[in-house]
Amino acid sequence: KQEVTQIPAALSVPEGENLVLNCSFTDSAIYNLQWFRQDPGKGLTSLLLIQSSQREQTSGRLNASLDKSSGRSTLYIAASQPGDSATYLCAGETSGSRLTFGEGTQLTVNP
Amino acid sequence: GAGVSQSPRYKVAKRGQDVALRCDPISGHVSLFWYQQALGQGPEFLTYFQNEAQLDKSGLPSDRFFAERPEGSVSTLKIQRTQQEDSAVYLCASSFWGHGNEKLFFGSGTQLSVL
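Presented here is a report on the structure given in the accompanying data block. (Residues numbered from 1 in each chain as written. Chains lettered and ligands numbered in written order. Predicted model: local features only at pLDDT ≥ 70, side-chain atom pairs only at ≥ 80, totals over all residues. Heavy atoms only, no water.)

Regarding the overall build of chain A
Turning to step 1, where the next piece is worked out: Per the secondary structure count, chain A includes zero helices and 11 strands.
Turning to step 2, where the next piece is worked out: Taken from N to C terminus, the helices and strands of chain A fall in the order β-β-β-β-β-β-β-β-β-β-β.
Turning to step 3, where the next piece is worked out: Over its C-alpha atoms chain A spans a radius of gyration of 13 Å, differing by no more than 12% from the 13 Å that the globule rule assigns to 111 residues.
Turning to step 4, where the next piece is worked out: Dimensions of chain A, computed from the C-alpha atoms along their principal axes, are close to 40 × 30 × 20 Å.
Turning to step 5, where the next piece is worked out: Within chain A, buried positions represent 44% of all 111 residues. (Helix = DSSP H or I, 4+ residues; strand = E, 2+ residues; numbered from the N terminus. Rg over C-alpha atoms; globule rule 2.2 N^0.38 Å. Buried < 20%, exposed > 50% of the residue type's maximum accessible area, 1.4 Å probe, protein only.)

Digging into the overall build of chain B
Turning to step 1, where the next piece is worked out: A count of helical and extended segments in chain B gives zero helices and 11 strands.
Turning to step 2, where the next piece is worked out: Secondary structure elements in chain B, listed N-terminal to C-terminal, are β-β-β-β-β-β-β-β-β-β-β.
Turning to step 3, where the next piece is worked out: The C-alpha radius of gyration of chain B comes to 13 Å, within 12% of the 13 Å expected for a compact globule of 115 residues.
Turning to step 4, where the next piece is worked out: Expressed as lengths along the three principal axes of its C-alpha atoms, the size of chain B is roughly 40 × 25 × 25 Å.

Overview of the interface of chain B and chain A
Turning to step 1, where the next piece is worked out: At the interface, 23 residues of chain B touch 22 residues of chain A.
Turning to step 2, where the next piece is worked out: Taking both sides of the interface into account, the surface hidden between chain B and chain A amounts to around 1700 Å²; carbon and sulfur atoms contribute 47%.
Turning to step 3, where the next piece is worked out: Area buried by chain B at its contact with chain A is led by N101(B), K103(B) and F106(B), which between them contribute 31% of it.
Turning to step 4, where the next piece is worked out: Here chain B and chain A share one salt bridge between them.
Turning to step 5, where the next piece is worked out: In this structure, D56(B) and R98(A) form a salt bridge, with 3.5 Å as the shortest nitrogen-oxygen distance.
Turning to step 6, where the next piece is worked out: At the surface where chain B touches chain A, the tally comes to four residue pairs in polar contact (both at pLDDT 80 or more).
Turning to step 7, where the next piece is worked out: At the level of elements, β4 (31-37) and β5 (44-50) of chain B are the ones that each hand at least two residues to the side of chain B that touches chain A.
Turning to step 8, where the next piece is worked out: Broken down by element, the side of chain B that touches chain A gets its largest block of residues, three residues, from β4(B). (Contact = heavy atoms within 4.5 Å. Buried area = accessible area lost by both parts, 1.4 Å probe. Salt bridge = Lys/Arg side-chain N within 4 Å of Asp/Glu carboxyl O. Polar contact = N/O pair within 3.5 Å; in protein donor to acceptor, adjacent residues only side chain to side chain.)

What follows is the structure, given as structure tokens:
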């Protein structure tokens with residue numbers, strides 16, 4: 001059974017800092033690893049999807065990497081802004097299109 | 001609308017009541033998923049449809065939970081004889097094909113509180 005763990009559970013940084021969120025998974029037989037953002041009272045917004053054959057994906061100030069052999073993914077956020085404050089969730093997709101989520105990292109970027 | 005729509009946004013039920021939660025996926029999306037998110041936790045998979053076919057219901061926690069998508073578009077998640085442990089946010093998501101390696105589009109969820 002796939003298990004996904006995210007570290008840290010919460011993170012508070014000053015505006016402008018570069019930061020890294022970590023995600024680890026137990027089953028390397030994943031189709032892809034996805035990062036989502038969740039704002040309070042809202043649904044999830046897909047940020048990046050890394051297919052199992054890829055090593056990383058970039059979108060604007062976000063960069064996500066995937067290392068299947070070690071069971072790890074990282075989300076790098078450059079030049080953080082207060083608007084980046086949210087909960088970030090990673091999820092591994094296994095057979096049947098179902099996602100297994102971590103518990104999330106709650107990020108606060110202080111002005 | 002352009003996104004996944006869920007209703008009601010909030011639902012308060014007395015223990016033992018039946019509830020029905022609705023999901024309108026993005027038009028043309030073949031696949032539809034239901035997830036349950038407890039407070040402070042990540043979402044957990046409940047069930048998955050491809051068109052009107054329910055391909056995976058292994059995540060439904062008990063036989064009190066039932067989901068349907070009779071015409072391959074709108075879906076309803078029904079919970080019978082609600083219990084306090086059913087209190088959670090129920091999220092619906094859709095994707096165009098659902099064959100994997102696709103981004104999912106989530107609705108804002110229905111927050112269910114069972115008193």
